[in-house]
Amino acid sequence: MDADAAVDELRALGIEPGDLVALVVGDASLSVAVPTWATNWPVAPADVVGRIDRELGPRWVLWSQATAGALAGHGVRLTRSWDAAAVHRLLFGGWRADPGRIWARLHDLPTADLPAPDPIDLFHQTDDGDPAGPLREDGYLDPEWIDGGWASSPDRMAAWAGVLADVARLQLAAVGDVSARDERPMALRTAYAESTAELLCAELTVGGLPMDRAAMEGRISAYVGPRPRSPQEAVELRDARDEEVLRHVPEGVRFDLRSPSQVRSMLRMVGVEVPDTRAWRLERLRDAHPLVDALLAWRKAERVQTTFGYGWLDENLGPDGRFRGEWSGSDGAAGRMTASAGLHNMPADLRGGVVAEPGHVFVRADLGQIEPRVLAAVSGDRALAAASQADDLYAPVAAELGVDRAIAKVAVLGAMYGQTTGEGGRALAGLRRSYPVAMAYLDAADRAAQVGHDLRTYGGRLVRTGSAALGEPGGPDSIGDREARSQAAARGRYGRNAMVQGAAAELFKVWAVTVRARGRDLDAQVVLCLHDELLVHVPDEHAGAAAAMVDDALQEAAARWAPDRSVRFLSDTAVIPTWADAKG
């Protein structure tokens with residue numbers, strides 16, 4: 001079997017662009033399947049999959065991002081996919097999406113105690129013969145197959161691909177049910193985008209973020225000093241940083257700066273009384289005493305040392321100048337993309353170490369005022385949609401409410417987060433009068449979440465809010481009315497915010513995967529997705545074209561995501577040599 005024969009075999013089945021084809025990859029073979037047909041080919045997957053992708057253009061059905069990552073490691077980039085784990089999270093919420101759980105939920109089987117592999121010991125030896133198949137008599141997937149047993153033979157691989165093809169068929173029907181039953185017509189498009197986002201995440205994990213070691217070490221050293229040459233020197237540098245704070249207290253008095261209670265006592269000694277030592281509270285008191293300013297500077301250095309220091313750099317920065325963490329297309333809550341290794345919370349002061357490779361630049365783009373624009377789109381509020389036509393949405397809102405722009409911004413954001421006090425809270429009545437459809441959308445989510453009803457975002461993602469039914473453990477009878485009301489209010493705030501943040505995450509991923517697709521001809525590589533921000537690495541000669549492409553991709557994505565085009569979406573896009581050069 002070679003690539004030509006594989007292509008011919010699938011073509012003979014009538015496979016056309018976009019058709020679902022299950023793919024299971026082993027070390028030296030691969031299996032593909034469609035309903036009622038599955039096979040195993042004893043070929044190197046990297047030699048065949050890319051060829052099939054280019055010539056037939058199927059939508060590859062994968063159990064998870066891991067398959068795409070294995071192929072990306074060999075330079076194979078899939079065009080489109082149906083990621084069973086991503087679609088499971090869309091349909092059922094949460095994070096856990098292993099094959100056993102996916103199969104059980106699709107077949108209405110309880111998931112509280114999924115079958116686990118039997119321990120292999122003197123009394124539980126494995127059978128030399130092949131079990132009947134991947135399904136147990138009780139309807140669950142066999143945990144031994146899930147745990148890697150599917151790869152033990154070509155026949156097993158083919159059977160496992162067949163199971164995956166069945167999963168895709170059932171998930172596709174379930175997505176259709178969400179579209180019809182829950183009036184979420186974008187659910188199928190969201191499933192496609194979420195799956196392709198997992199392909200992007202696999203490429204981000206394998207490809208990494210360009211970083212200049214010397215530049216990053218220089219920024220780290222500005223906070224914590226030079227790289228220590230021994231454990232003893234590391235202790236000495238730590239003590240020196242502590243001393244910059246402790247010199248502001250009377251001589252001979254010592255405090256542990258890593259203990260919040262002792263820090264409060266230290267502040268009290270110099271006349272600064274605080275209920276806690278949160279950074280935002282101390283920022284307001286920076287001028288109260290030199291100790292506070294020194295403490296804030298120490299905290300920044302301590303965070304760099306403990307989380308973003310030399311060890312962090314050594315662990316994650318490869319010899320090729322690429323910094324790597326593991327990426328996921330969904331956080332399991334509202335659906336935000338996430339990354340490990342500090343990629344999503346790197347201090348702004350360290351971004352100067354993120355440097356484009358020689359002959360390349362970054363195109364950095366950040367969605368502008370995305371939350372209120374998304375709210376206008378998902379709620380269908382025509383008045384708020386009209387305000388979105390302005391470059392600064394908050395200006396027409398302020399004029400409508402008769403308040404300053406700053407108050408209008410706080411009011412709109414506060415409405416999405418459930419804020420009812422302060423300046424924003426006082427402007428809430430004006431928002432209800434001027435933008436009643438948007439406010440009703442948020443209020444409906446709030447009410448549903450308060451009583452524990454799960455929600456679905458604009459794109460069809462299930463957002464779990466939990467329940468505390470009367471009489472159940474944790475319900476009002478057992479925790480008291482006041483605590484029950486507090487928990488219900490918190491669920492309500494979470495629900496109204498998740499409906500906006502979840503939809504914003506969906507739009508962002510449609511944009512990101514569109515940039516991924518459109519950037520191929522420009523050799524443009526997405527290297528970072530941070531909340532509402534994209535960082536694209538591109539050769540110098542394509543910089544202008546790539547910047548225009550990123551902006552055009554946003555309009556294309558918005559037209560697909562919100563087809564009535566009543567809301568204007570915009571991005572702040574710039575060509576920069578280092579991440580630190582981005583505004584904001």
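To be clear, the structure that these remarks concern was listed above.
Conventions we followed
Residues numbered from 1 in each chain as written. Predicted model: local features only at pLDDT ≥ 70, side-chain atom pairs only at ≥ 80, totals over all residues. Heavy atoms only, no water. Buried < 20%, exposed > 50% of the residue type's maximum accessible area, 1.4 Å probe, protein only. Helix = DSSP H or I, 4+ residues; strand = E, 2+ residues; numbered from the N terminus. Pairing = 2+ DSSP bridges. Salt bridge = Lys/Arg side-chain N within 4 Å of Asp/Glu carboxyl O. Phe/Tyr/Trp six-rings, centres within 6.5 Å; stacked < 30°, edge-to-face > 60°. Polar contact = N/O pair within 3.5 Å; in protein donor to acceptor, adjacent residues only side chain to side chain. Contact = heavy atoms within 4.5 Å.

Within a regular strand, side chains alternate between the sheet's two faces. Within strand S2 (residues 30-34), five of the five residues are buried, which leaves it mostly tucked inside the rest of the structure. Neither face of S2 is left uncovered, since the one carrying Leu 30, Val 32 and Val 34 and the one carrying Ser 31 and Ala 33 both have all their residues buried. Bridge count between strand S1 (residues 20-25) and S2: four bridges; the pairing is antiparallel. By the bridge assignment, Val 25 is partnered in S2 with Leu 30. Alignment of S2 against strand S3 (residues 37-41), held across five bridges, turns out to be antiparallel. From the neighbouring strand, Val 34 faces S3, where its bridge partner is Trp 37. As consecutive antiparallel partners, S2 and S3 are separated by two residues, and within that stretch Thr 36 has a phi angle of approximately 75°, a positive value.

This brings us to the pattern of salt bridges. Within this structure, the stated rule accounts for 41 salt bridges. With a closest N to O distance of 3.6 Å, Asp 8 and Arg 11 form a salt bridge. With Asp 8 and Arg 11 both in helix H1 (residues 3-12) and three residues apart, this pair spans about one turn of that helix. A residue is classified by how much of its surface remains accessible, and Arg 11, at 42% relative accessible area, is partly exposed. Here Asp 293 and Arg 286 are joined by a salt bridge, their closest N and O atoms 2.4 Å apart. Residue class for Asp 293 comes out partly exposed when judged on its relative accessible area of 34%. The class for Arg 286 is partly exposed, based on a relative accessible area of 29%. A single salt-bridge network, built from bridges that share partners, covers Asp 4, Asp 8, Arg 11, Arg 51 and Glu 55.

A separate point is the packing of aromatic side chains. Counting across every chain of the model gives eight aromatic pairs. Taken together, a centroid distance of 6.2 Å and an interplanar angle of 40° make the contact between Trp 145 and Trp 160 tilted. You can see Trp 145 sitting in helix H6 (residues 143-146) and its partner Trp 160 sitting in helix H7 (residues 154-181), a full 15 residues away along the chain. Residue Trp 145 shares its accessibility class with Trp 160, and that shared class is buried. Ring centres of Trp 561 and Phe 569 lie 6.0 Å apart, and the angle between their planes is 80°; on these two criteria the pair is classed as edge-to-face.

This part takes up the side chain of Asn 316. The topology assignment puts Asn 316 in helix H14 (residues 310-316). Classification of Asn 316 as buried rests on a relative accessible area of 15%. Within polar-contact distance, the side chain of Asn 316 engages the backbone oxygen of Trp 312 at 2.9 Å. Among all residues touching Asn 316, those that are not within four sequence positions of it are Arg 322, Phe 323, Arg 324 and Ala 341.

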